[in-house]
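Observations on the three-dimensional arrangement
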Amino acid sequence: MSSGHRLRDVEQHHPLLDGEEAAVGTAAGEAEQVWFIQDGCGMVCAFITWFLVLYADFVVTFVMLLPSKSFWYAVVNGVVFNCLAVLALTSHLRTMLTDPGAVPKGNATKKYMESLNLKPGEVIYKCSKCYSIKPERAHHCSICKRCIRKMDHHCPWVNNCVGENNQRFFVLFTMYIAMISTHALALSGYQFVTCVKVQWSECSDFSPPVTVMLMIFLCLEGLLFLTFTAVMFGTQVHSICNDETEIERLKNEKPTWERQVRWEGMRSVFGGKPSLLWINPFAGLRLRRLLARRSRKAGPEFSV
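Per-chain numbering applies: the sequence of each chain, read as written, is numbered from 1 onward. The predicted origin of the model limits local features to residues at a pLDDT of at least 70 and limits the giving and counting of side-chain atom pairs to 80 or more, whereas totals for whole chains, interfaces and linings rest on all residues. Excluding hydrogens and water, the side-chain figures rest on all heavy atoms present in the structure.

Defined as follows: UniProt positions are given in the numbering used here, feature names are shortened, and annotations may be inferred rather than shown by experiment.
Looking at an unreviewed UniProt entry, one finds the chain named Palmitoyltransferase, with Hucho hucho as its source organism. UniProt lists a comment for the chain under the heading Subcellular location (unreviewed entry), and it reads "Membrane". Looking at the Sequence similarities (unreviewed entry) heading of the UniProt record, one finds this comment for the chain: "Belongs to the DHHC palmitoyltransferase family."

What follows is the structure, given as structure tokens:
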């Protein structure tokens, strides 16, 4: 390694590389792999998330809407709720299966150092855990076992870090979960009033005790999910508008970068001018490329 460059081992963040420079070191084989974190706790939490969303969809559809005597009430609410559920689960999948911005492991090599064209005496930082050159604003995640660019936090509910490449999908996930929670609570309230008026006769295909139990559990789930996701959604939007990650806020780190505030920050995360693509988790999804990658290699591929 050239004597004109100084390499320091650190476990925190700091200078010198930006996201584009760090991406140069990504291996071709790693770029073709599907990102998935093999963490037991995260996989259990992700399964619970899907189970609770599907449970809510079951109660809303089969307990409340199908037995309803109002055709259009059932159709309109059924379409809206199921569309929001699909958008929420798609956002969850894309958050979980998208590389959040991992820095290539072990790229602190002489060849890679020379490719950076650093000035004599310039200091760069190496992570002592994954042996990678750390870009500015990158932090090491002990669960993903990688340094993540613009890492906000590691969320077990999506079994992944929230970072530079998947923060948009995480924001959409929290938004759609908050929306279906609100919708489920509103439907539960209306269903309860309707059943009380008819003294629980013919208001559901299930017996009154079963109906009450299903609705009570749905209300508890809706309140819990609504509180958590609404707070998280607001926190994420605030962080994006201030161009500050949660880790940087908690550590009270002074910015060494030029901040992109408000709409500039939103555009940097969601891409381009405000449009319906901002709230579309399917945008940019390339199924053909994903299927082609899987066909080239046998069995599941994990990039961890």
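After that view of the structure, there is still more to cover.
**Some words on the packing of aromatic side chains**
The condition that has to hold: Between 30 and 60 degrees the pair is tilted, below 30 it is stacked and above 60 it is edge-to-face, where a pair is any two Phe, Tyr or Trp rings, Trp via its six-membered ring, whose centres lie within 6.5 Å. We count a stretch as a helix when DSSP gives it H or I for four or more residues in a row; a strand needs E for two or more, and each element gets its number in order from the N terminus. The rule is simple: take the accessible area with a 1.4 Å probe, protein chains only, and divide by the maximum for that residue type; under 20% is buried, over 50% is exposed, in between is partly exposed.
Taken as a whole and judged by the stated rule, the model has eight aromatic pairs. Relative to Phe206, the ring of Phe58 has its centre 6.2 Å away and its plane inclined at 75°; by these criteria the two rings are edge-to-face. One end of the pair, Phe58, is in helix H3 (residues 40-65); the other, Phe206, is in the loop between helix H6 (167-197) and helix H7 (208-242), and 148 residues separate them in sequence. Relative accessible area serves as the criterion here: at 31%, Phe206 is assigned to the partly exposed category. When the ring of Phe170 is compared with that of Phe173, the centres are 6.5 Å apart and the planes differ by 40°; the resulting orientation is tilted. Placement of the pair is Phe170 and Phe173 together in helix H6, with a separation of three residues, close to one helical turn. What links up through ring pairs into an aromatic cluster is the set Phe58, Phe62 and Phe206.

**Concerning the UniProt feature "transmembrane region" (unreviewed entry) in the chain**
Following the UniProt record, one finds the feature "transmembrane region" (unreviewed entry) at residues 44-65, 71-89, 169-190 and 210-233. In this annotation, residues 44-65 is assigned 100% helix and 0% strand; the end-to-end C-alpha distance for the span is 30 Å. Annotation note: span residues 210-233, helix share 100%, strand share 0%, distance between end C-alpha atoms 33 Å.

**Looking at the side chain of Ser239**
As a reminder of what qualifies: Here a residue-residue contact requires only that any non-hydrogen atoms of the pair lie within 4.5 Å.
Locating Ser239 in the fold gives a position in helix H7. Once residues lying within four places of it in the same chain are set aside, the contact partners of Ser239 are Glu244 and Glu246.

**Things to note about a nonpolar patch on the surface**
As a reminder, the rule being used: Patch membership requires more than 30% relative accessible area and the absence of a salt bridge. Residues of like charge join within 9 Å; the nonpolar side chains Val, Leu, Ile, Met, Phe, Trp and Tyr join within 5 Å. To be clear on the numbers: accessible area is Shrake-Rupley with a 1.4 Å probe, and residue cover counts the displayed protein chains and nothing else. Salt bridge, as used here, is a side-chain nitrogen of Lys or Arg placed within 4 Å of a carboxyl oxygen of Asp or Glu.
Among the surface-exposed residues, Val44, Phe47, Ile48, Phe51, Trp157 and Phe228 lie close enough to one another that they form a single nonpolar patch of about 590 Å² accessible area. Here Phe228 is to be found in helix H7. Judged by relative accessible area, Phe228 falls into the partly exposed class, the value being 40%.

**Things to note about the state of the cysteines**
What counts here: Two cysteine sulfur atoms form a disulfide, by the criterion used here, when they sit within 2.5 Å.
Taken as a whole, this structure holds one disulfide when the rule is applied. Not engaged in a disulfide, the cysteine Cys130 finds its nearest cysteine sulfur in Cys147; these two sulfurs lie 3.5 Å apart. You can see Cys141 has no disulfide; the closest cysteine sulfur is in Cys161, sitting 3.3 Å from it.

**Concerning unusual backbone geometry**
A positive phi angle, near 55°, is found at Tyr131, a position not held by glycine. Residue position: Tyr131 is located in the loop between strand E2 (123-127) and strand E3 (138-141). The phi dihedral of Lys150 is positive, around 50°, even though this residue is not glycine.

**Observations regarding the pattern of salt bridges**
Under the defined criterion, the tally for this structure stands at five salt bridges. For the salt bridge of Arg137 with Asp243, the shortest nitrogen-to-oxygen distance reads 3.1 Å. Placement of the pair is Arg137 in the loop between E2 and E3 and Asp243 in the loop between H7 and helix H8 (246-250), with a sequence separation of 106 residues. The exposure classification of Arg137 matches that of Asp243, with both residues buried. When the shortest N-O distance is used, the salt bridge between Glu248 and Arg137 registers 2.9 Å. Here the residue Glu248 occupies a position in helix H8, and Arg137 occupies one in the loop between E2 and E3, the gap between them amounting to 111 residues. Judged on exposure class, the residue Glu248 and its partner Arg137 are both buried.

**Here's the deal with the environment of Met232**
With respect to the secondary-structure elements, Met232 resides in helix H7. Spatially, the C-alpha atoms of Met232 and Met175 are 8.9 Å apart, while their sequence positions differ by 57 residues. In contact with Met232, not counting residues within four places along its chain, are His153, Phe170 and Thr174.

**Some thoughts on the nonpolar core**
Which entries qualify depends on this criterion: Residue types Ala, Val, Leu, Ile, Met, Phe, Trp, Tyr and Cys, when buried and joined through side-chain atoms within 4.5 Å, form a set referred to as a nonpolar core.
If you look at the biggest cluster of nonpolar residues, it comprises 39 residues, and the most contacted ones within it are Val59, Val60, Phe170, Ile177, Leu218 and Phe270. Beyond its immediate sequence surroundings of up to four residues, Phe270 is in contact with Arg168, Val171, Leu172, Ile240 and Trp278. Of all hydrophobic cores here, the second largest spans nine residues; its members include Ile37, Cys144, Ile148 and Cys161.

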